[in-house]
Amino acid sequence: MSITMIPYSVNIKLAARTLTGTLNLQNKTAVDWGWQGLIAQGCHSSILIIDPKTSQTIQVLERHKANVVKVKWSRENYHHSLSSPYSLRLASADSAGKIIVWDVVSGTAHCEIQEHSKPIQDMDWLWTQDASRDLLLAIHPPNYIVLWNGDTGTKLWKKSYAENILSFSFDPFDPSNLALLTSEGIVFISDFSHSKPPGSGGKKVYIASPHASPAHTKPVPAALPAPTGAKKALNKVKVLITNEKPTAEAVTLNADCLQLSYLPSKRNHMLLLYPREILILDLEVSQTVGVVAIERSGVPFIQVIPCAQRDALFCLHENGCITLRVCRSTTAPDESDPEQSVQELVYDLRSQCDAIRVTKTVRPYRMVICPVNENNAALTVSDGRVMLWELKAHVSKPTVNPSSGLSPLYAPVAFCGSPLGQNQKKIQDLSLNTMIGQSLVSGADPPPPSLQQEVQLKFLLTGLLSGLPLPPFALRMCPPLTTKNINHYQPLLAVGTSNGSVLVYNLTSGLLHKDLSVHSCEVKGIEWVSLTSFLSFATSTPNNAGLVRNELQHVDLPTGRCFAFRGEQGNDEPAIEMMKVSHLKQYLVVVFRDKPLELWDVRTGTLLREMAKNFPTVTALEWSPSHNLKSLKKKQLLAREAMARYTTLSDTEQSSVESSVISLLQDAESKSEGGGQAISAREHFVFTDTDGQVYHITVEGNTVKDGARIPPDGSMGSIACIAWKGDTLVLGDVDGNLNFWDLKARLSRGIPTHRGWVKKIRFAPGKGNQKLLVMYTDGAEVWDTKEVNMVSSLRIGRNVNYRILDIDWCTSDKVVLASEDGCIRVLEMAMKSASYRMDEQDLTDPVWCPYLLLPRAALTLKAFLLLQPWSGTFTMDITQVYVSALNGSHINPLDDMKSVLLDPELNLLQRCLLVSRLFGDESDLQFWTVAAHYLQSFAQARHLSVPVPEGQTPAEGTQATPQGHLDIYHDTLCESFYFQRFQLERVHLQEVKRSSYEHTKKCADQLLLLGQTDRAVQLLLETSADNPSYYCDSLKACLVTTITSSGPSQSTIKLVATNMIANGKLAEGVQLLCLIDKAADACRYLQTYGEWNRAAWLAKVRLNPAESSDVLKRWAEHLCSPQVNQKSKAILVLLSLGCFHKVGEMLQSMRYFDRAALFIEACLKYGVMELIGAAFVDYARLLRTLGLRESAAFWASRAGGAGEQLLEELFQGEGAVPEETEGLENTE
């Protein structure tokens, strides 16, 4: 027994894997691109994990039983440390209502969640992750939203709504806001929290009359007077949002709203997508402020993704074309009069990619964009393709081209938030905000020309993944690995497809090796004749006489040469049923439906015998593994030796050699004339006829002999297939019986499997390996023929939900199954479909993804990339780190980034920003973006001597930061002057768009808060006399115009305002306080009543820096309080106020040691704060635990007195090195 076990160890290592094909319609929305840098995509019930940089599938997750309808990567909006490491977490939901949260690297599930059994409509992770990183919100149809803990699978709360919920969108600026798109309209929830379900049913709004094409004038709800003249023209591009339930017509119009999303680029804006237009709504006035419409001949939209870094939209059209539209800057050079300024937001088409050929089966499904850089898009197509498009910026000559009508786009000349050094290397097109400059607002100065260059954007196809074609498939694995071919063996799987091509996959990497167009119709079977060539046959559809065109091709893989094996014959004959190649690959039997079989010599391509007309009909056939090649070779060897002896003998001795021996030798020699190849060894095959009689036929050279016949076994039905290995012969019949024959002991044993027709049986490769794979109509089984028992079973409806189309062994212990869902799976013998561990994978190209590393290794790598001042020069010899951390993982050492990271001109802030982008670390990226901006601007403002880089004059070194202000997507973190201008412009826009008294009132209120009294008075006086508020508004107008700063009037107004606020009229009281320039008091009241965001807004637009700073500091304290727990937001607020020392202390108290130390280091470089030594010591300790001893010593030495003790510990007696750093001693 032990002897036969040896061959099992000779097993080429093949990972279990799934080759996927076309998608199911339910997979349409199941795709997501995470901060982790990977794309997840649902394909039937599996989930593919794709690395977009190298375009390869690096994991397939299998556990769902139903089609996957949604996938979502978890957010990375938290500080990463050993206790909360970089890890790949993905949530997926299927059409049976099950949600699985995955640990993608190991392919295992954290938890499984099931509430109802209907398809999950939408789900997303909460983006604020200070309190908890594990919260997942899902829509369970028809009308429930449920908040889950995605780590444990516990339900936190559940809430139902009156209407069916289709999808939702989180407000990216305020975690308590959530908008639901329902079948009737939109529901706004403003009290969303993880601790309890929303209290109310939310605020319902209905979308009234968005019309399919902007060319039509839009009907106006009956509640309004019919518009006239100029108003009518404005109404053309307007959608009203009303609170009364609109007419039936408007409800049906809501039904074609495809999508609702908040804009991440500016607060309180939302987009609604219709097939022919995108509406941009300003939620403060519930009013459309922009429309992107498609002309009549244009291609309708399927989906739109709004960007955060710039006010831009990626749109996907029905022909698979992706377009990028960028919001036009509102400043026009010649307009000094604000009245003339912008009428609405305009999104200009700046770039588009090529469309795909859309057919019945091929159509674009979804697009995703990279959330870190927002300049890469991936398109999923229904046929399983994933197209990876990259946006590139080309510097163009400034042209005066009035015909295009588009203003030029400018890109900032900067890198990672700092001005570019003179010889500094930079990464082209790092992210969207480095490719497109900020959009200007009226009143703001454009940046000087030296700091920007004109660019044009283009899409470039940088990657393509394609799947298998549509089933059915015919599978055949190449001949097995043996001791003789082990040096040049490749595990190749040939897949015959329905369109006549044969795909050859290399199963080590799972990649397509060759795609050969061999036939003109569906491939029915493949047989290999060597490791590099195969025969395949295909049959066309039968004509009226039942005859077909048979194609039998011989294909040579290295050259791709095909030739018709049967020559000219093949037209109008009965269909080929099967072909079988003998064990020594000498002979080929071709079996036809209603025609006797043919016997061919594979080596010469000649027909040896066409059987007579009265030859029995063959139902099953198999070649015997026994042959006489060994004895022939032995004879031949003996003959050669004897001949050699014979020619050297003397005449006298010659006669003494028996003449019979000589004739035998000559006979043997003549047989082997063509050298070793043409020895025709004797081989046998057996077949059964329709009665179940077993025939035995011997073939030797071109002689064919009929052998013994064995009468049929009464217990078996019509025999469907035979398999033979060693001394075991197995027969399978159409009734599901298996009959095991032991030829040595002459015993037979019948086993009824009760599974119907036995379609195929195949023995496993490997000497002495007697496992048998059996295929039925409803699945497959593996049997052990030695013990005659079943090892494993797969059955449709029980443990899988797909039909098996074909089977084969790919190694001695792994099987390959082709299934009806268009996938081909390589599975262990147990046939449990399972995900694989990524670290066992054999990737063709190494992947850059720190999330694949062990937690400690990822942090070591990050610390290593962030700062290496201890070595004097920056080295990229990551082997220092690799030795300890990265062995055995597929991390690509960043070739394109290398030169940039090595560049001595890359300053610390740029390095931190770059590394946070490389790691896809959302929280790091936000922190360093704001920190870099304010550190530079405060350093400049103080006219401190910023260290001037060599080779620059001081004047150049100290000029303005390239971005004069933070982008508006940082909202209240922006500089006040810019924030004010932006808000003024927004009110102008709202004013132009207003259509009802409600809107006008809101605009007047905003203008009063912004201090634009004259314009506010004009609006107040517009109130018509029949309006109930006419009197009130007129008096208000009088009040606003007559306010003087005399003492008594001020105190009266202040008294009235405080009474109003005390009696619940907060907004009105705040307005009065703003009128008398008591905005600071107004902010305080707002904060007292919990309106923190409103207070911050007002402080930004109305207060002087000192007062505003007080208000914002109070806000930061509030954000730090335990019940709010948004410390990360508080830190950003403090950064924008320049409270750097406080930020350093807070970071340290929150145990963000790496961020604290690097931030303090940067502050010291810019001279804006004093040293906090303790933070350096903490970081040094962290580095020591990571095994970076030299860097730990560096930070400890920077810490002054505080670090002395640690330095002593690090260097006390060189022998006493902590264990974890021992491996690094010699490398550093």
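Residues numbered from 1 in each chain as written. Predicted model: local features only at pLDDT ≥ 70, side-chain atom pairs only at ≥ 80, totals over all residues. Heavy atoms only, no water.

The name given to the chain in an unreviewed UniProt entry is WD repeat-containing protein 11, and the organism recorded there is Oncorhynchus mykiss.

Caption draft 1: Local environment of the sheet that holds strand 53 (residues 747–752). In space, the four strands of this open sheet follow the order 50-51-52-53, with antiparallel pairing throughout. Both edges of this open sheet fall to strand 50 (719–725) and strand 53, since each of them pairs with a single strand only. Here the average twist between neighbouring strands, direction ignored, is 15°. Examined bridge by bridge, strand 50 and strand 51 (residues 728–733) share six bridges and lie antiparallel to one another. Across the sheet, Ala723 pairs through a bridge with Val730, a residue of strand 51. (Pairing = 2+ DSSP bridges. Helix = DSSP H or I, 4+ residues; strand = E, 2+ residues; numbered from the N terminus. Axes fitted to C-alpha atoms, helices over the stretch in contact; angles between N-to-C directions.)

Caption draft 2: Broad picture of the packing of helix 20 (residues 1079–1088) against helix 21 (residues 1092–1102). Put simply, helix 20 and helix 21 touch, their axes get as near as 8 Å, and they point 165° apart. In terms of orientation, helix 20 lies roughly antiparallel with respect to helix 21. In the packing of helix 20 onto helix 21, the handedness of the crossing is left-handed. Where helix 20 approaches helix 21, its residues Ala1079, Ala1082, Cys1083, Leu1086 and Gln1087 are matched on the opposing element by Trp1092, Arg1094, Ala1095, Leu1098, Ala1099 and Arg1102. Looking at the contact of helix 20 with helix 21, its residues break down into eight nonpolar, one polar and two charged. (Parallel < 35°, antiparallel > 145°, perpendicular 65-115°, else oblique. Left-handed = near helix turned anticlockwise from the far one by under 90°. Contact = heavy atoms within 4.5 Å. Nonpolar A, V, L, I, M, F, W, Y, C, P; charged D, E, K, R; others polar.)

Caption draft 3: Quick peek at the confidence of the model for the chain. When the pLDDT values of the chain are averaged, the result is 82; 84% of them are 70 or greater. Mean pLDDT in the chain bottoms out at helix 13 (residues 954–957), which sits at 32, and peaks at strand 2 (residues 31–33), which reaches 97. (pLDDT = per-residue confidence, 0-100.)

Caption draft 4: A look at the pattern of salt bridges. Inspection of the entire model under this criterion finds 48 salt bridges. The salt bridge partner of Glu598 is Arg566, with a shortest N-O separation of 3.0 Å. Note that Glu598 is positioned in strand 44 (residues 598–601) and Arg566 in the loop between strand 41 (561–564) and strand 42 (576–581), a separation of 32 residues in sequence. Since its relative accessible area comes to 1%, Glu598 is described here as buried. Arg566 sits in the buried class, given a relative accessible area of 5%. (Salt bridge = Lys/Arg side-chain N within 4 Å of Asp/Glu carboxyl O. Buried < 20%, exposed > 50% of the residue type's maximum accessible area, 1.4 Å probe, protein only.)

Caption draft 5: Highlighting the side chain of Asn433. Within the secondary structure, Asn433 sits in helix 4 (residues 432–435). If we skip the residues at most four places from it in the chain, Asn433 touches Gln309, Arg310, Pro412, Arg917, Asp967 and Tyr969.

Caption draft 6: Spotlight on the pairing of strand 56 (residues 779–784). For strand 56, a buried count of six out of six residues is recorded, marking the element as mostly surrounded by other parts of the structure. Burial along strand 56 is two-sided: Gly779, Glu781 and Trp783 and Ala780, Val782 and Asp784, pointing in opposite directions, are all buried. In terms of strand pairing, strand 55 (residues 771–776) meets strand 56 through six bridges, oriented antiparallel. In the strand pairing of strand 56, Tyr776 is matched with Gly779. Where strand 55 folds back onto strand 56 in an antiparallel hairpin, the turn is made up of two residues. Here six bridges tie strand 56 to strand 57 (residues 789–795), and the two strands are oriented antiparallel to one another.

Caption draft 7: Focus on the side chain of Glu991. Secondary-structure assignment places Glu991 in helix 14 (residues 976–993). Using a relative accessible area of 7% as the deciding quantity, one classes Glu991 as buried.

Caption draft 8: Highlighting the sheet that holds strand 36 (residues 501–506). The strand order across the open sheet built from four strands is 34-35-36-37, with neighbouring strands paired in antiparallel fashion. Each edge of the sheet is formed by a strand with only one pairing partner; in this case those strands are strand 34 (474–477) and strand 37 (511–517). Going across the sheet, the axis of each strand differs from the next one's by a mean of 20°, ignoring polarity. The pairing of strand 34 with strand 35 (residues 492–496) spans four bridges and is antiparallel. Its bridge partner lying in strand 35, Arg476 is registered against Ala494.

Caption draft 9: Inspection of the environment of Asp784 at higher detail. Assignment of secondary structure puts Asp784 in strand 56. We classify Asp784 as buried; its relative accessible area is 13%. Along the chain, Asp784 and Lys771 lie 13 residues apart, while their C-alpha atoms are 4.6 Å from each other. Not counting residues within four places of it along the chain, the set of residues in contact with Asp784 comprises Gln770, Lys771, Asn789 and Val791. Separated by 3.0 Å, the side chain of Asp784 and the backbone nitrogen of Lys786 make a polar contact. (Polar contact = N/O pair within 3.5 Å; in protein donor to acceptor, adjacent residues only side chain to side chain.)

Caption draft 10: A look at the environment of Thr1058. Mapping Thr1058 onto the fold places it in helix 18 (residues 1047–1062). For the pair Thr1058 and Gly1069, spaced 11 residues apart in sequence, the C-alpha separation works out to 6.4 Å. Side-chain polar atoms of Thr1058 contact the backbone oxygen of Leu1055, separated by 2.8 Å.

Caption draft 11: Geometry of the pairing of strand 39 (residues 533–539). With seven of seven residues buried, strand 39 lies mostly within the body of the structure. The two faces of strand 39 match: Ser533, Leu535, Phe537 and Thr539 on one face and Phe534, Ser536 and Ala538 on the other face are all buried. Of the strand pairs in this sheet, strand 38 (residues 523–528) and strand 39 are connected by five bridges, and their pairing is antiparallel. In the strand pairing of strand 39, Gly525 is matched with Phe537. Examined bridge by bridge, strand 39 and strand 40 (residues 550–556) share seven bridges and lie antiparallel to one another. When the bridges of strand 40 are listed, Ser536 appears paired with Gln553.

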